[in-house]
Amino acid sequence: MTQPTHTAVDAVTLKGWLHDADEIALFDVREQGQYGEGHPFYAVPMPFSRLELDVGRLAPRTDARIVLADDGDGVAQAAAAALASLGYTNLFVLDGGMPAWRAAGYTLFAGVNVPSKTFGELAEHHYHTPRVTAQELAAMQAGPQAPVVLDGRPTSEFRKMNIPGAICCPNGELAYRLRDLVPDNTTPIVINCAGRTRSIIGAQSLINFGVANPVYALENGTQGWYLNDFTLEHGGTARYPDNGLPQEIDAARDNAQALTQRFDVPHIDAAQAKAWLADTARTTFLCDVRTAEEFAIQTLPGAQHTPGGQLMQATDQYVGIRRARLVLFDAEGVRATVVASWLRQMGHDAVVLDGGLQAGLAAGVRAAQGPTHEVTALPAVSAAQLVTGLTAQSMLALDLRGSMAYRAGHVAGARWSTRARLAQDLRGVPHDTTLVLIGDADGDDAAELAVADLRALGFRNLRRLQGGFAAWRDAGNAVRQGADTLPDARCIDYLFFVHDRHDGNKAAARQYLAWETGLIAQLDAQELATFRFPPAG
C-alpha cells in the first residue's frame, strides 16, 4: 500500500499555524492567474507548472513545515507527491483548498506581492511620506528648480515606460548612488514606480536615510501620469552609472550607521553567518542585494540574487518560509542596511553581514542548496519532422509555454495546456499519439516537468521540438497568433488586471490603483500585527 505523502489540515488550524512561532511555508500551487484572483495573505505563489524548478530556492530545508493549497481540485495532492519525491517530509494539504478557506470566514486577497504592497500603503500612513500628483510634478518640471525624477523600478520595467526625463535607479540602490545622480543637496527629488508602493518606499528610504534634499513620492506613479493624459516615454536607457564607489560614500556609511541604530538593525560577523547557515533546524537565506552586474562577477556560494528594491517589494519571490532568517550582504554596508531596516519593519528576521561580500569570501560563508529536479531528456524532432507528423495526424504539438507566449505565436495546430490541466486538455487523444512538447528552451524548463505527468496519463511517445517555437517560426512554417486562439478563461497563468495596465488600458490601471489602496482594509488584527513600525515622532 502506498504511503501518503501529506497530511490534510483544515483552514482553522492553518490560520493558527500562520501566526504561531514556528517556520511555515504556505505554497499556492495554482497558476499565477488563479493565485492573483484570490489567495490567503501569506500564501507564496508556487505554480504546479514550475514546482520542482522553484521549490529548492524558496524552501531549501526539506523538513520545513510546508502547506500546499489549491482550489480543492487535487492539484495540491499531486504537488505533495512531487515534493515527497524530492525528499520533503513535512507536507500538508489545505483540506478543501481556497473554497474551504473562504468558507471558514477568512479573506482571499487579489493581486500579487500582497504583504509587500500592503506594507507600502501602511508605511505611507505611518510616515506621512510627502507626495506630489502628476499635475504637480509637471508644474515642477516646468518651473525654475526642476526636480530630478528617479524611477525606483528595475531596468527591465523602466524600459517599458517612464516619466519623461526620469533616471532609472532601483530602490535598493537609491541611498547608495544618490550623489552620483543628484550632486546638489537642495535639488528636489521625486521617486516614482508604476503604481504606488515602490514610490512610497523609495522616497521614504531617502528620508529615513537622512538626505537633505526635499523628497517626494509620485502619487500613483507612471499610471497616475498616464491617467492624467501626460505622455510616457518607452525604451528609456537613462540609469545610474556603473562605477566603483559612488560619491560621498563615507557620508553614506555614516548615514547607514545612524539607520542601524534608529531601526535596531542587527549586524552579524561571518562566523555567526556560517553557524546559522549550518543549522539544520532553522532556515536561513543568504541574500545578495547588489545589482545583477555585481552578482554576476562574484558572490557567495549558494547566495540568492535578491536586488534590494525587489526584496522589499516582492519578498515572496525570494523567500518562501515565514519566520526564516535573512542574512543580507552587499559590498559597502549601505544597501544591505537600508533593505534590512525595511524588512524588519515588515516582520522579517533580517540581519546584515558585517564586511559584506569580502568578509564572507574570506570566511568561506556559503548557503546549502535545496533539492533540485533532474530533467527528463526527451528525443528531439526537427521542425520538418513535426510538419510531416502533423500532416499525417500521428503527432500532436503540445505547447506548454505561458499562455501569452502562445497567443503571441505558436505552431499552427498546436494545443496549449499547462501541467495541472493535462488530463482535461488531452481528453480523447489516443495514447499512441506522439506528443511533441514545446517549451521556452531545449533544456531545464517547465515543459520538461510535465513528462512524468503525461506518462502517468498513458502517453509513451513523447518528444520535444528541437529549437522550440523559434526554430519552427524561423523555418517559415505556419504560425497562428492572436487572443482568439486561447480564451481568457483558459489563461490561468496570467493575471490580466496587473499586466494590462502597462498596455494602455486605463480601466485596468484604475482597477490596479484601487486594489493597492484597498489592501489595508482587508487585513485582520493578526495580519496587521505582522508589521512593526517604530514609534511615531
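The structure presented is a predicted model; accordingly, all values stated were derived computationally and were not measured. Numbers given to residues run from 1 along each chain, matching the order in which its sequence is written. With pLDDT at 70 or above as the cut-off, local features in this predicted model cover only qualifying residues; side-chain atom pairs require 80 or more to be listed or tallied, and sums for whole chains, interfaces and linings still use all residues. Only heavy atoms go into the side-chain values, all of them from the structure, while hydrogens and water stay out.

Colleague: Help me understand the nonpolar core, please; the structure alone is not making it clear to me.
Modeller: One recurring pattern in soluble globular proteins is that nonpolar side chains are buried together. Ranked by size, the top nonpolar core spans 102 residues in total, and within it Leu 14, Phe 27, Leu 68 and Leu 328 carry the most contacts. By definition, any uninterrupted DSSP run of H or I lasting at least four residues is a helix, any uninterrupted run of E lasting at least two residues is a strand, and each is numbered from the N terminus. If you tally residues by element for this core, the top one is helix α4 (residues 75-86), at seven residues. Counting 17 residues, the second-largest nonpolar core is a separate cluster that includes Met 395, Val 411, Trp 416 and Val 436. Nonpolar cores were defined as sets of buried Ala, Val, Leu, Ile, Met, Phe, Trp, Tyr and Cys residues, with membership established by side-chain atoms within 4.5 Å. Type-normalised accessible area, obtained with a 1.4 Å probe on protein chains alone, sets the label of each residue: buried when under 20%, exposed when over 50%, and partly exposed for intermediate values.

Colleague: For this particular structure, what's the right way to read the packing of helix α6 (residues 114-127) against helix α10 (residues 197-209)?
Modeller: For the pair α6 and α10, interaxial distance at closest approach is 9 Å and the crossing angle is 50°. Relative to α10, the element α6 is oriented oblique. As α6 runs across α10, the sense of the crossing is left-handed. In contact with Lys 117, Phe 119, Gly 120, Glu 121, Ala 123, Glu 124 and Tyr 127 of α6, α10 contributes Thr 197, Arg 198, Ile 200, Ile 201, Gln 204 and Asn 208. Any residue that is not Ala, Val, Leu, Ile, Met, Phe, Trp, Tyr, Cys, Pro, Asp, Glu, Lys or Arg is counted as polar, Gly included; the first ten are nonpolar and the last four charged. Its residues assigned to classes, the contact of α6 with α10 comprises five nonpolar, four polar and four charged. For every element, the axis is a line fit to its C-alpha atoms; helices are fit only across the contacting stretch, and the angle between N-to-C directions ranges from 0 to 180 degrees. Throughout, the term roughly parallel applies to angles under 35 degrees, roughly antiparallel to angles over 145, roughly perpendicular to angles from 65 to 115, and oblique to all others. With the far helix as reference, a near helix turned anticlockwise by less than a right angle produces a left-handed crossing, and one turned clockwise produces a right-handed crossing. Contacts between residues were defined by any pair of non-hydrogen atoms, one from each residue, lying within 4.5 Å.

Colleague: Looking at this structure, how should I read the pattern of salt bridges?
Modeller: Any two side chains of opposite charge can pair if their charged atoms end up close together. By definition, a salt bridge exists where a carboxyl oxygen of Asp or Glu is found within 4 Å of a side-chain nitrogen of Lys or Arg. As enumerated under the stated definition, the model contains 38 salt bridges in all. Arg 196 is paired through a salt bridge with Glu 121; the nearest N and O atoms lie 2.7 Å apart. Note that Arg 196 is positioned in the loop between β9 (189-192) and α10 and Glu 121 in helix α6, a separation of 75 residues in sequence. Take Arg 196 and Glu 121: they sit in the same class, and that class is buried. In this structure, Arg 131 engages Glu 219 in a salt bridge whose closest nitrogen and oxygen atoms are separated by 3.7 Å. Residue Arg 131 is located in strand β6 (residues 131-132), and its partner Glu 219 is located in the loop between β10 (215-218) and α11 (221-227); the two are separated by 88 residues in the primary sequence. The partly exposed category is assigned to Glu 219, whose relative accessible area is 24%. If you follow the salt bridges from partner to partner, you end up with Glu 23, Arg 61, Asp 63, Arg 282, Arg 344 and Asp 349 in one network.

Colleague: Sorry if this is basic, but what is going on with the sheet that holds strand β3 (residues 44-45) here?
Modeller: What holds strands together in a sheet is hydrogen bonding between their backbones, with the strands either parallel or antiparallel. Pairing is parallel across the open sheet formed by five strands, whose spatial order is β1-β5-β4-β2-β3. Of all strands in the sheet, those with a lone pairing partner are β1 (7-9) and β3, marking the two edges. Paired strands, as defined in this entry, are two strands with at least two bridges between them according to DSSP. Sheet topology places strand β4 (residues 66-69) next to strand β5 (residues 91-94); three bridges connect them, and they run parallel. Across the sheet, residue Leu 68 finds its bridge partner in β5, namely Val 93. Strands in contact with helix α1 (residues 11-18) are β1, β2 (25-28), β4 and β5; relative to β1, the strand with the most contacts, it is inclined by about 85°. Together, β4 and β5 form the strand contacts of α4, whose direction differs from that of β5 by roughly 170°.

Colleague: I tried to follow unusual backbone geometry on my own but got confused; where do I start?
Modeller: Across the chain, the bulk of peptide bonds are trans and the bulk of non-glycine residues have phi less than zero. Even without a glycine there, the phi angle at Asn 220 is positive, about 70°. Positive phi, normally seen in glycine, also occurs at Asp 229, with a value near 65°.

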